[in-house]
Amino acid sequence: KETASLLSHNAREEVKDCQDPGVSSSTRKGSSSDGPILAFPSISTADFQFDHEKASDIIVEKVEESMDKLGNAKLVLVDLTRGSKILSLVRAKAAQKNINPKKFFTFVGDITKLYSEGGLRCTVIANAANWRLKPGGGGVNAAIFNAAGPDLEVATKEQAKSLVPGSAVVVPLPSTSPLSSKEGVTHVIHVLGPNMNPHRPNCLGGDYVKGCQILQKAYTSLFEGFLSIVS
Ligand code: AR6
């Protein structure tokens, strides 16, 4: 309960303190005049132990590549805590590259409660999935499957049985799911990133040449999946 209220507090603070000129108050309230938003976690950088410097370079590079295709849509990188290293790295690198803060920004909060606790309406959210597309396992995967209820598991099975590293699958979320009714989420995109953790399947054993290629492919698939929904 304490963690929940802390997260909620953080999310509200982010809204209140947000210096980012790109996040208009109507975006935060989820006004319909704003374009669709994809909220995504940093793929592979927690349980899968991918290097944060390398991951942040890839996130910024891939975001930059998609900028021209977004139209009025936006991308938001989300993490749970204000002290998130990946969020600070990405913020700094995106600013260096002059990435339009109206189209890409970072947000502190639980990706399953962005609207109810953070006031940010994101119709599409990404999941850092496992290859079996199974619920549980911890991290953002467990949080999203728990919040969405059994509807997400059923809907996921209709789209795919498994994922190869570097790929993504778009899953339309039934309106009966609490994540749809409470948070306004219409689609979940499962993404499988590279794994550097020897205790998880398909570990790359420190091969960052392969790892970076797979993470690049993962973000390309994620952003293409999002664009296929909104275009
Ligand atoms: N809201 C926002 N961000 C979150 C949340 C949340 N509720 N929970 C975690 N994060 P991880 P991976 C952030 O470990 O490294 C799973 O067990 C977290 O701080 O979820 O790709 C799967 O089943 C980090 O920045 O994913 C796979 O087996 C980011 O989400 C494996 O872990 C990703 O952390 C995937 O590992």
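To keep things clear, this report deals only with the structure shown in the data block.

Cut-offs used in this document
- Residues numbered from 1 in each chain as written.
- Predicted model: local features only at pLDDT ≥ 70, side-chain atom pairs only at ≥ 80, totals over all residues.
- Heavy atoms only, no water.
- Helix = DSSP H or I, 4+ residues; strand = E, 2+ residues; numbered from the N terminus.
- Buried < 20%, exposed > 50% of the residue type's maximum accessible area, 1.4 Å probe, protein only.
- Pairing = 2+ DSSP bridges.
- Salt bridge = Lys/Arg side-chain N within 4 Å of Asp/Glu carboxyl O.

1. A closer look at unusual backbone geometry
Right, so step 1: Notably, Gln49 is not glycine yet its phi reads approximately 55°, a positive angle.
Right, so step 2: Considering the arrangement of structural elements, one finds Gln49 in the loop between β1 (37-41) and α3 (52-66).
Right, so step 3: Phi angles above zero are rare outside glycine, and Asn98 is one such case at about 55°.
Right, so step 4: By the secondary structure assignment, Asn98 is in the loop between α4 (85-96) and β3 (104-108).

2. Some remarks on the pairing of strand β5 (residues 168-172)
Right, so step 1: Taking every second residue as pointing to the same face, the buried face of β5 carries Val169 and Val171, while none of Ala168, Val170 and Pro172 on the other face is buried.
Right, so step 2: Taken together, the five bridges between β5 and strand β6 (residues 187-191) define a ladder with antiparallel strand orientation. Each residue of the ladder has a partner; that of Val170, found in β6, is Ile189.

3. A look at the pattern of salt bridges
Right, so step 1: Following the criterion strictly, the structure yields six salt bridges and no others.
Right, so step 2: Across the pair Lys62 and Glu65 runs a salt bridge whose closest N-O atoms are separated by 3.2 Å. Of the two residues, Lys62 and Glu65 both sit in helix α3, three residues apart, roughly one turn of that helix.
Right, so step 3: Residue Lys62 is classed as buried on the basis of its relative accessible area, which comes to 9%.
Right, so step 4: Connected through salt bridges with shared partners, the residues Glu53, Asp57 and Lys93 form a single ionic network.

Note that every value here comes from positions in space, so none of it alone points to a role or purpose.
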